[in-house]
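# An overview of the molecular structure
Here are the chains, one letter per residue:
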Amino acid sequence: MKNFSRKGAKTQSNSVKFESSFGSLRLCGRNILFVAILLISSALFIAPASSSSASYDLVIINGRVIDPESRTDAVRNLGISNGTIKEISNDKLTGRTVIDARGLVVSPGFIDLHQHGQDEENYRFKAMDGVTTALELEVGTGDVDAWYAQREGKSLINYGVSAGHLAARMAAMHEPVTFLPTGEAARRSATDAEIADMKQRIEDGLKRGAIAVGFGIQYTPNASRWEILEMFRVAARYGASCHVHMRHAGVKEPGSSIQALEELIAAATITGAPLHVVHIHSTGGPATPKLLQMIGEAKSRGLDVTTECYPYIAGMTDIKSAIFDEGWQEVFNIDYKDLQWAATGERLTKETFEKYRKTGGMVAVFSMTEEIVNAAIKSPLTMIASDGILERGKGHPRTAGTYSRVLGNYVRDQGALTLIEALTKMTLMPAQRLERRVPSMKNKGRIRVGADADLTIFDARSITDKATFQDPAQYAEGIKFVMVNGVLIVKDGQLQSDLHPGRAVRATKNF
Ligand SMILES: [Zn+2]
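This section reports on the structure supplied with the text. (Residues numbered from 1 in each chain as written. Predicted model: local features only at pLDDT ≥ 70, side-chain atom pairs only at ≥ 80, totals over all residues. Heavy atoms only, no water.)

## Brief notes about the packing of helix 9 (residues 257-271) against helix 11 (residues 288-300)
Note the cut-off: In this description, a line fitted to the C-alpha atoms serves as the axis of each element, helices being fitted only across the stretch in contact, and the angle between N-to-C directions of two axes falls anywhere from 0 to 180 degrees. Strands here are runs of E lasting at least two residues and helices are runs of H or I lasting at least four, both read from the DSSP assignment and numbered beginning at the N terminus. With respect to orientation, any angle under 35 degrees is reported as roughly parallel, any angle over 145 as roughly antiparallel, any angle of 65 to 115 as roughly perpendicular, and every other angle as oblique. Crossing handedness is defined as follows: a turn of the near helix away from the far one that is anticlockwise and smaller than a right angle gives a left-handed crossing, while the clockwise case is right-handed. In this description, contact between two residues means that some pair of their heavy atoms is separated by no more than 4.5 Å. Gly falls in the polar group here, along with every residue not listed as nonpolar (Ala, Val, Leu, Ile, Met, Phe, Trp, Tyr, Cys, Pro) or charged (Asp, Glu, Lys, Arg).
It is at 10 Å that the axes of helix 9 and helix 11 come closest, and there the two elements cross at 20°. In this view, helix 9 runs roughly parallel relative to helix 11, as classed from their interaxial angle. Between helix 9 and helix 11 lies a crossing whose hand is right-handed. On helix 11, the residues touching S257, I258, L261, E262 and I265 of helix 9 are K290, L291, M294, I295 and A298. Here the residues of the contact of helix 9 with helix 11 sort into 7 nonpolar, 1 polar and 2 charged.

Here is the structure:
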């Protein structure tokens, strides 16, 4: 009877408030008999559950729990209820569902800051690679409300998007908004009025909860430095990080990736916007170690600058984009044979390059060496992010294999970095990148009481990427269980169907 609220009884003379595990009921004094019957039946109904003092929806026992924030690396049991981690303990825990994770690593779910493919097909491959949150932050969108509305209640994993400069530029130049610009927005400079229009569009996107601002400056080579600065100014006002594909690639001066990074470090310094440089190795090529040095130095002076990479020696982009304008061979130090047409897997020639350039489509660009990839992955500055997109099974293997490839090839087989170092790059660092604008990210990327129950449980001895450039739509192996907001979407290595526990990652903070 202690559940009768005294306050309720006092302030409302002929009614009391009864709080039970079923919520609260307001009861009239004259219905005391009914109350008594209700209480008895309630007590009988809840009896089985009340026999255990701490029973959870789900418990994970005997797993090797690795949490990069607390530096925990030990066997622990986890208690999970209502989509949240409730207990981390050495003690035996009880729950309706029990996962015995003996011999497996229990990690925060992986957070991918750079995933273009944002549909059911892509989410399935991400889930099987251990990703619980996939964010489209480089290209972004021009219509934030519509983007989130399309995925609400229909997503396997958590999702989120940036306000995109590319989309704003296409709209300001009255072009249809496509993934990457290929018309005027790709090629000409903007008027002052168009720059003002783009600023307004980015600001609208941020007001609607976009979590960052995205840029692909190499796709808009005639966007002036002033135009980029103006967009950074808007981002700074909203505490939004700028996720930037740099203006130039490679080492050739003028127009090297070093010069491109100088532009961005200057823009971040002038405006105060946080800077995140995407796929540093595929843009930097042989200059990658120098770019990483520059980022480290800028950070040591207090600048908020971060970066990311993926574990492959080829990038991928649209053959129709401005990246393949005159002079691309010299920029990337490659030739036609280093391009692979994604749809068929064929290597290109001058003739096929010219043919496909007219129609457009995805092409893999083999412009990096294993040394470059290794330098990027080993650096403590880089996060792991996939840059993934699959369309009807075609695309780049990074979509389905990025995380398992780092954990299998680079951690286990090569010993290039430790397990906790790799997991830090996949969980804690990407969560921290977004916390200033999206405080709810403080509950992701961690195994902590109160954190979201987004978890990835894998076998460190067997984890392996299976996706290849010939056949990119291959699930990774070794990811045994994946949980999104407390719901198991991968069980015993099998993807579960018809589940949509993914939630929007969206900014709600007013600046
Ligand atoms: Zn890019």
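## Quick word on the pairing of strand 21 (residues 455-458)
Our working rule: Accessibility here uses a 1.4 Å probe with only protein chains present; expressed as a share of the type maximum, an area under 20% marks a residue as buried, one over 50% as exposed, and anything in between as partly exposed. Two strands form a pair only when DSSP identifies at least two bridges running between them.
Side chains L455 and I457 project from strand 21 onto one buried face, and the interleaved T456 and F458 project onto a second face that is buried too. In the sheet, strand 7 (residues 105-108) pairs with strand 21 via 4 bridges, with the strands oriented antiparallel. Bridging across to strand 21, V105 finds its partner in F458. Taken together, the 4 bridges between strand 21 and strand 22 (residues 479-484) define a ladder with antiparallel strand orientation. Looking at strand 22, one finds that I457 is bridged to F481.

## Topic: the sheet that holds strand 17 (residues 362-366)
Hydrogen bonds between backbone atoms are what pair the strands of a sheet, whose relative direction is either parallel or antiparallel. With antiparallel pairing, 3 strands are arranged side by side in an open sheet as 15-17-16. Each of the sheet's edge strands pairs with one partner strand only, and the pair in question is strand 15 (314-318) and strand 16 (339-341). Averaged over all pairs of adjacent strands, the angle between strand axes in this sheet comes to 30°, irrespective of strand direction. Across 5 bridges, the pairing between strand 15 and strand 17 is antiparallel. Bridging across to strand 17, G315 finds its partner in V365.

## Points about the coordination of the zinc ion
Keep this limit in mind: For Na, K and Ca the donor cut-off is 3.2 Å, while for other metals it is 2.8 Å, and in both cases only N, O and S atoms qualify; water is not among them, so sites may look incomplete.
Around the zinc ion, the protein contributes the donor atoms E138 (OE), H245 (ND1) and H279 (NE2), which lie 1.8 to 2.3 Å from the metal centre. In primary-sequence terms, the residues that donate to the zinc ion follow E-x106-H-x33-H. Taken as a pair, E138 in strand 9 (residues 131-141) and H245 in strand 12 (residues 241-245) lie far apart in primary sequence, 107 residues in all. A relative accessible area of 5% places E138 in the buried class.

## Remarks on the packing of aromatic side chains
Filter applied, for reference: Pairs were defined over the aromatic rings of Phe, Tyr and Trp, the Trp ring being its six-membered one, requiring ring centres within 6.5 Å. Orientation was assigned from the angle between planes: stacked under 30 degrees, edge-to-face over 60, tilted for the rest. The rule for a charge over a ring is simple: NZ of Lys or CZ of Arg within 6 Å of the ring centre, and within 35 degrees of the ring normal.
Across all of its chains, the model carries 15 aromatic pairs by this definition. Summarising the aromatic geometry, the rings of W147 and Y148 are spaced 5.3 Å apart at their centres and angled 80° between planes, so their arrangement reads as edge-to-face. The exposure class of Y148 is buried, given its relative accessible area of 1%. With a centroid separation of 6.2 Å and 45° between ring planes, the pair formed by Y148 and Y159 is classed as tilted. Pair noted here: Y148 is in helix 4 (residues 144-151) and Y159 is in strand 10 (residues 158-164), with a separation of 11 residues, a long-range link. You can call Y159 buried: its relative accessible area is 1%. Members of the aromatic cluster, each reached through a chain of ring pairs, are F324, W328, Y336 and F353. Geometry around Y310 places R398 over its ring, the cationic atom sitting 4.8 Å from the centre. The residue whose ring lies beneath R405 is Y312, and the NZ or CZ to ring-centre distance is 5.1 Å.

## What to know about unusual backbone geometry
The peptide bond linking E253 to P254 adopts the cis configuration, its omega dihedral lying at -10°. Tracing the chain through its elements places P254 in the loop between strand 12 and helix 9. A positive phi angle is found at N82, which is not glycine, with a value near 50°. With respect to the secondary-structure elements, N82 resides in the loop between strand 4 (72-81) and strand 5 (84-89). When its relative accessible area of 65% is taken as the criterion, N82 is described as exposed.

By themselves, these observations are geometric and do not establish any function.
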